[in-house]
Amino acid sequence: YDYTKDERYSVAYVVYQTSVLYDAFSAAFELWANRYNCDYKMVDCAGNADMYLNQMQTLADNGVKGFLLDPDSQMYPRVTELAQELVGDAWMGGMSFPYDEDGLMNHPFVGFDNYDFGIQECTYVVNYAKENFDWDPAVVGCINIDYSTSELLHTRAIGAEDTWKELV
């Protein structure tokens, strides 16, 4: 299909604060946009919540018709509300699922099975320890860093904890 025959479409990837991971996402999104006849822009809001919301509005006012969004997870209820107002359904979340004030996913999202990630992480650690150390389950422990305000990371921690209880 020749996408150049279609009208050009403007999309923006808006991140709360960039890092190597978000820069890599942006590079992939830019390649995708070029192939699909889209103008693409990444906006880094330098960790500023007000700037994030203002940038979304400014981008839409300047012709952006679709968003890829990676806000601070605490902002998601307002960000999803604003995205719907500005571009309707033409947006998607990046690293974490979009949710409303009740913590429920409120927009389609392609993501990960984070509980299973926790299982995989813990299984790997246990197997590695058994293969490389003097393994005594009676005296060994596991520390998993949780981030309770991020539902995705919290779900991983639960998967890891359940696996630890099962294996050890």
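Description of the structure in this document. Computed from a predicted model, the values in this text were never measured in an experiment. (Residues numbered from 1 in each chain as written. Predicted model: local features only at pLDDT ≥ 70, side-chain atom pairs only at ≥ 80, totals over all residues. Heavy atoms only, no water.)

## Brief notes about the side chain of Ser26
- Tracing the sequence through the fold places Ser26 in helix α1 (residues 20-35).
- Given a relative accessible area of 7%, Ser26 falls into the buried group.
- Contacts of Ser26, omitting those with residues within four sequence positions, involve Tyr13, Tyr40 and Met42. (Helix = DSSP H or I, 4+ residues; strand = E, 2+ residues; numbered from the N terminus. Buried < 20%, exposed > 50% of the residue type's maximum accessible area, 1.4 Å probe, protein only. Contact = heavy atoms within 4.5 Å.)

## Quick notes on the packing of aromatic side chains
- The tally for this structure, following the rule as stated, stands at nine aromatic pairs.
- On the basis of an interplanar angle of 40° and a centroid distance of 6.1 Å, the ring pair of Trp32 and Tyr36 is categorised as tilted.
- The exposure class assigned to Trp32 is partly exposed, which follows from its relative accessible area of 37%.
- Classification of Tyr36 by relative accessible area gives partly exposed; the value is 35%.
- Members of the aromatic cluster, each reached through a chain of ring pairs, are Tyr1, Tyr3, Trp32 and Tyr36. (Phe/Tyr/Trp six-rings, centres within 6.5 Å; stacked < 30°, edge-to-face > 60°.)

## Quick look at the state of the cysteines
- By the definition in use, this model includes zero disulfides.
- The structure places no disulfide on Cys122, whose sulfur is separated from the nearest cysteine sulfur, that of Cys142, by 4.9 Å.
- Assessed through its relative accessible area of 3%, Cys122 is described here as buried. (Disulfide = S-S within 2.5 Å.)

## Concerning the pattern of salt bridges
- Counted according to the given criterion, the structure contains four salt bridges.
- A salt bridge links Asp39 to Arg8, with the shortest nitrogen-to-oxygen separation between them at 2.7 Å. One end of the pair, Asp39, is in strand β2 (residues 38-44); the other, Arg8, is in the segment before β1 (9-15), with 31 residues separating them in the sequence.
- Note that Arg78 is salt-bridged to Glu81, the shortest N-O span being 2.7 Å. Remark: Glu81 and Arg78 occur in helix α3 (residues 76-87); sequence separation between them is three residues, near one turn of the helix.
- Look at Arg78 and you get partly exposed, because its relative accessible area is 36%.
- Beyond isolated ion pairs, a larger network of salt bridges with shared partners links Arg78, Glu81 and Glu85. (Salt bridge = Lys/Arg side-chain N within 4 Å of Asp/Glu carboxyl O.)

## Some points on the side chain of Ser96
- You can see Ser96 is positioned in the loop between β4 (91-93) and α4 (114-132).
- Each residue touching Ser96, except ones within four places of it in the same chain, is listed here: Asp70, Tyr76, Phe109 and Leu152.

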